[in-house]
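A structural walkthrough
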Amino acid sequence: MSDVELHQHQPDLAPGDEEHVSVRLRVLGYLVGLGLAILLTATSFFIAGTDLVWQPSIPVAIIVLAIAQMGVHLVFFLHITTGPDNTNNVLALAFGLLIVLLVIGGSLWIMSNLNHNMMPMDQLMQMQR
Amino acid sequence: MTMAAVHDDPHHLGVLANIAHEGPAPKRIVTGYGFWIFLLSDIVMFSCFFAAYAVLLGQTAGGPSGAQLFNLKSVAVETTCLLLSSFACGMASIAAEERSHLWFQIAMAVTCMFGLAFLAIEFHEFADLVARGAGPSRSAFLTAFFTLVGCHGGHVSAGILWLLTMMAQVFAKGFRADILRRMLCFALFWHALDIIWVAVFSVVYLLGSAA
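Thresholds applied
- Residues numbered from 1 in each chain as written.
- Chains lettered and ligands numbered in written order.
- Predicted model: local features only at pLDDT ≥ 70, side-chain atom pairs only at ≥ 80, totals over all residues.
- Helix = DSSP H or I, 4+ residues; strand = E, 2+ residues; numbered from the N terminus.
- Buried ≥ 20, exposed ≤ 12 C-beta atoms within 10 Å, placed from the backbone.
- Contact = placed C-beta atoms within 7 Å.
- Nonpolar A, V, L, I, M, F, W, Y, C, P; charged D, E, K, R; others polar.
- Core = buried A, V, L, I, M, F, W, Y, C linked by C-beta atoms within 7 Å.
- Axes fitted to C-alpha atoms, helices over the stretch in contact; angles between N-to-C directions.
- Parallel < 35°, antiparallel > 145°, perpendicular 65-115°, else oblique.
- Left-handed = near helix turned anticlockwise from the far one by under 90°.
- Expected span 1.5 Å × (residues − 1).
- pLDDT = per-residue confidence, 0-100.

Some remarks on the overall build of chain B
Secondary structure assignment for chain B yields eight helices and zero strands. Starting at the N terminus, the α and β elements of chain B follow one another as α-α-α-α-α-α-α-α. Across the 211 residues that make up chain B, the buried fraction comes to 38%.

Given below as structure tokens:
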């Protein structure tokens, strides 16, 4: 770490705040975000209804497109960036994502295991007679 | 640098010490960061509803499945409404920072209009489902569906009330520092709702009608 870097230490940014740029550039940023979001949304609606692509790939494609669009929203609308003034915001987001992945992945994993190991319902009913 | 200076500060900590004396962060950053943490906890709560929906997707108890119920055209219109509303909200944040009363009120009114259009379509869809006998008590799948989508709709309704409050406060009190902090939090909230809606239309509607 050089002295120069430390002297140029910037204060943090609040989530949602941008570094100071002109109004035109900021509007342009939102327009780019809107354009990308519309493109990704249109693609996922198109893929869901088409039979032009290999059918088993459709769920994966929809999930990938959704994650990409969430990224677009985070960067262009919420202004969560990788800059040094945004470290706290990104770390909080990373922790949130960890919990979300644990909750969703864990539930699906455990419940599919239980489903797999459970006796079929008609056999269960016969045992209770 | 002289030898004495090197001895006094061998690891150049003097520079760090200056940074440590900057004092606490400005209130705007503390407020925004705290609200960001709240939003992330809200997203964690939504992830539980998403997990429940994914687990119960096939449990229709002989009732209708997603493919038979969902109308993807109206979902596409809803998505467009919410996306444009989020964009207008961004314009309102810019107007607030530029201290432009006129543009702020116009952008917030547009945000509100698209938000209300979204809610109207969603309400119409729910009423239609209940009228067709596919209410939340029909099957575990529909319970999970109404809980998840209804929870998002409830957030949007609360957001609209907050939006109208912000319009009134800016009108009555002007762009004071505390009002601007509330506006920052509102913009974060509204954009976060749009992110959750991306997950809703992908997982609930598109994947749900494919399954």
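Description of the interface of chain A and chain B
If you look at the interface, chain A gives 43 residues, while chain B gives 42 residues. For the side of chain A that touches chain B, the secondary-structure elements that each account for two or more residues are α1 (3–7), α2 (23–49), α3 (58–76) and α4 (87–117) of chain A. When grouped by side-chain class, the residues that make up the side of chain A that touches chain B number 27 nonpolar, 12 polar and four charged.

Brief notes about the nonpolar core
Membership of the largest hydrophobic core comes to 76 residues, with the highest contact counts inside it found for B:Phe50, B:Ala92, B:Leu148, B:Leu188, B:Val200 and B:Val204. Secondary structure elements with two or more residues in this core: α2 and α3 of chain A together with α3 (27–56), α5 (72–97), α6 (101–131), α7 (140–173) and α8 (177–210) of chain B. When residues in this core are grouped by element, the largest group, 22 residues, is from α8(B). The residues touching B:Leu148, leaving out its near neighbours within four places in the chain, are B:Phe49, B:Phe50, B:Tyr53, B:Val200 and B:Val204.

Section: the environment of B:Met183
Residue and element names in this part refer to chain B. In this fold, Met183 is placed in helix α8. A sequence separation of 16 residues divides Met183 from Met167, and the C-alpha atoms of the two residues are 9.5 Å apart. Those residues in contact with Met183 that lie beyond four places of it in its chain are Ser93, Ala96 and Met166.

With respect to the packing of α5(B) against α6(B)
Residues and elements named next belong to chain B. Viewed as axis vectors pointing N to C, α5 and α6 meet at an angle of 160°, and their least axial separation amounts to 8 Å. Considering the angle they form, α5 stands roughly antiparallel to α6. Handedness of the crossing formed by α5 with α6: left-handed. The residue inventory of the contact of α5 with α6, partitioned by class, reads 19 nonpolar, four polar and three charged.

Comments concerning the environment of A:Leu36
Residues and elements named next belong to chain A. Among the structural elements, Leu36 can be located in helix α2. With 17 C-beta atoms packed within 10 Å, Leu36 lands in the partly exposed category. Counting along the chain gives 40 residues from Leu36 to Phe76, while the straight-line C-alpha distance between them is 9.6 Å.

Section: α2(A)
Over its 27 residues, α2(A) extends 39 Å from the first C-alpha to the last, a length consistent with the 39 Å expected when each residue adds 1.5 Å. Those residues of α2(A) not exposed but buried are A:Gly33, A:Ala37, A:Leu40, A:Thr41, A:Ser44, A:Phe45 and A:Ala48. Contact partners of the buried residues in α2(A): α3 of chain A together with α5 and α8 of chain B.

Examining the confidence of the model for chain B
With 89% of its residues at a pLDDT of 70 or more, chain B shows a mean pLDDT of 90. If you check the scores for this complex, the pTM reads 0.85 and the ipTM reads 0.83.

Quick word on the environment of A:Val100
Checked against the element boundaries, A:Val100 lands in helix α4. Since 19 C-beta atoms lie within 10 Å of it, A:Val100 is described here as partly exposed. For the pair A:Val100 and A:Gln55, spaced 45 residues apart in sequence, the C-alpha to C-alpha distance is 28 Å. Each residue touching A:Val100, except ones within four places of it in the same chain, is listed here: B:Ile43, B:Val44 and B:Ser47.

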